[in-house]
Amino acid sequence: MSAQQTVPPDKKGLRLVFMGTPEFAVASLDALVRAGYLIVAVVTAPDKPAGRGMKLTESAVKKYAAEKGLKILQPVKLKDPLFVEELRSLEPDIQIVVAFRMLPEIVWNMPPMGTVNVHGSLLPQYRGAAPINWAVINGEKETGVTTFKLQHEIDTGNILLQESFTIGDDETAGEVHDRMKTIGAELLVQTMEKLIDGTIQETAQQHPPLTTHHSPPPPPLNHAPKIFTETCRINWNRPVNEIYNLIRGLSPFPGAFTLLGEKTLKIFRVKKDMTTPLIPPGMYESDGKKLLRYAGKDGYIEILELQLEGKKRMPVEEFLRGYKF
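Caption draft 1: The arrangement of helix H3 (residues 81–89) in detail. Residues Phe83, Val84 and Leu87 constitute the buried set of H3. Considered in projection along H3, the buried side chains sweep an arc of 100° and stay on one side of the axis. Exposed positions of H3 whose direction lies more than 90 degrees from the buried face are Pro81, Leu82 and Ser89. Considering only its buried residues, H3 is in contact with strand E1 (15–20), strand E2 (38–43), strand E5 (72–73), strand E6 (94–98) and helix H4 (105–108). Among the residues of H3, the N-terminal cap falls to Asp80, whose side-chain oxygen and the backbone nitrogen of Leu82 are separated by 2.9 Å. Immediately downstream of H3, the backbone of Glu91 shows phi near 50°, a positive value.

Caption draft 2: How the structure looks around the sheet that holds E6. In space, the 7 strands of this open sheet follow the order E5-E2-E1-E6-E7-E8-E9, with mixed pairing throughout. The open sheet is flanked by E5 and strand E9 (159–166), the only strands paired with a single partner. Direction of pairing for strand E8 (residues 142–149) relative to E9: antiparallel, over a ladder of 7 bridges. Bridged to Thr147 within E9 is Leu161. Seen against the sheet, helix H6 (residues 173–197) touches E1, E6, strand E7 (115–119), E8 and E9 and runs at an angle of roughly 150° to E9.

Rules used throughout
Residues numbered from 1 in each chain as written. Predicted model: local features only at pLDDT ≥ 70, side-chain atom pairs only at ≥ 80, totals over all residues. Heavy atoms only, no water. Buried < 20%, exposed > 50% of the residue type's maximum accessible area, 1.4 Å probe, protein only. Helix = DSSP H or I, 4+ residues; strand = E, 2+ residues; numbered from the N terminus. Arc of directions from axis to C-beta. Contact = heavy atoms within 4.5 Å. Polar contact = N/O pair within 3.5 Å; in protein donor to acceptor, adjacent residues only side chain to side chain. Pairing = 2+ DSSP bridges. Axes fitted to C-alpha atoms, helices over the stretch in contact; angles between N-to-C directions.

Worth remembering: the numbers are spatial, not functional.
This is the structure we're talking about:
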């Protein structure tokens, strides 16, 4: 065995740094804690002002870490020499990143066993910031979770393990997210166990996948860029299936929207009606009691749950009881 090779210590001696911020990451951190791993520090976002009172709010990961008595680091800049020095002093064997910021090389390349990321897609598909949203928006029937080693380019490192699962026809991004965080946490623990016992085989991502003369062309790579306001604006001239998937893919956050009068109307849950519209796309009709539907290019989108600007989220019947057209 060469002197350069790194032998993973057993679980008891393994020093692990966890990096993550939102609720999605808490499931993975909790799975590692319950599996008995030594978390020497948790790195998460600085507290941010939020709400009407603009009170400082802690990330979901910070709240969990504080409950468990874990050391918490909240650097503003990940290249800050003081943060880098503190991280180095912890002597981590491996770092785990789940739903966190892009790391500089000085950070991700620090531990001898590298840095493992949990990503919410079947890489190389849906690299980027919003893989769950875009998979649903694009009408995918399947998605999954990938654990991989961080490298220079975002979401391009060697794949460790993957697990796929189906997306229901009427599932929202929020529902997929809630299933995925549990699946991802379990996959992370499996990944750690296999890294420690040396039974994992790293697989390079193909960019793009290789083909031969005899094989069909590979599917194009879909990307998952950050969601902007314009992404969320419903274009009623599009086919109803496309609008339906957009609404599912943006529910519950940030929410697809249109206008009702001069106010923004966020739409969270709908059903399709493929009846040929008798009104132009973007126009709506209502019975004032239970039905509110907008015309698309080839059918109607019937709204089941919505939120008018300045109001709370509610079922359509409750909304119609108090709204005057």
